[in-house]
Amino acid sequence: MDFKSLAKRFFSGVVVGLLIVLLAWSYSAFFHVSISPVQGLIGALFLTISCGVITAVTNLDTLMDNFPPL
């Protein structure tokens, strides 16, 4: 595995993590739950980096192939 494909997989995981963060933020805004900026920033960084690392290390293509067809 070369660095270019590893970086591409990492950044695709970061994008998924950012989408999850935006979804969680929208729910907190909808339910009027105030999250401090520091807590939100640390949570967003932790979630995006962990999603990126999980995507880069594991092979999500085979994982997605194992799901049954809809």
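Okay, so let's go over this structure.

1. Section: helix α1 (residues 3-30)
Over its 28 residues, α1 extends 40 Å from the first C-alpha to the last, a length consistent with the 40 Å expected when each residue adds 1.5 Å. Within the span of α1, buried status applies to Ala7, Gly13, Val14, Gly17, Val21 and Ser28. Positive phi shows up at His32, right after α1, with a value of about 55°.

2. Examining a nonpolar patch on the surface
Judged by side-chain polarity, Leu23, Tyr27, Phe30, Phe31, Val33 and Ile35 come together as a nonpolar surface patch covering roughly 670 Å² of accessible area. Positionally, Phe31 belongs in the loop between α1 and α2 (37-57).

3. Quick look at the packing of aromatic side chains
All told, the structure shown has 3 aromatic pairs when counted by the stated rule. Ring geometry for Tyr27 against Phe31: centres 6.4 Å apart, planes inclined by 15°, an arrangement best described as stacked. With relative accessibility at 48%, the residue Tyr27 sits in the partly exposed group. Members of the aromatic cluster, connected to one another through ring pairs, are Tyr27, Phe30 and Phe31.

Quick notes on the rules
- Every chain is numbered on its own, with residues counted from 1 as its sequence reads.
- For this predicted model, a pLDDT threshold of at least 70 governs which residues receive local features, and a threshold of 80 or more governs which side-chain atom pairs are given and counted, while totals over whole chains, interfaces and linings are taken from all residues.
- For side-chain calculations, the full set of non-hydrogen atoms in the structure is used, while hydrogens and water are omitted.
- The helix count covers DSSP runs of H or I at least four residues long, the strand count covers runs of E at least two residues long, and both are numbered beginning at the N terminus.
- A helix is expected to span 1.5 Å multiplied by its residue count minus one.
- Note on classification: 1.4 Å probe, protein chains only; a residue is buried when its accessible area is under 20% of the maximum for its type, exposed when over 50%, partly exposed between these limits.
- Only residues above 30% relative accessible area that lack a salt bridge enter a patch, with like-charged residues linked at up to 9 Å and the nonpolar side chains Val, Leu, Ile, Met, Phe, Trp and Tyr linked at up to 5 Å.
- All accessible-area figures derive from a Shrake-Rupley calculation using a 1.4 Å probe, and residue coverage is judged against the displayed protein chains alone.
- Any Lys or Arg side-chain nitrogen located within 4 Å of an Asp or Glu carboxyl oxygen qualifies as a salt bridge.
- Working definition: a ring pair exists when centres of Phe, Tyr or Trp rings (six-membered ring for Trp) sit within 6.5 Å. Plane angles under 30 degrees give stacked, over 60 give edge-to-face, the rest tilted.

Note that all results are geometric; they support no functional claim without further evidence.
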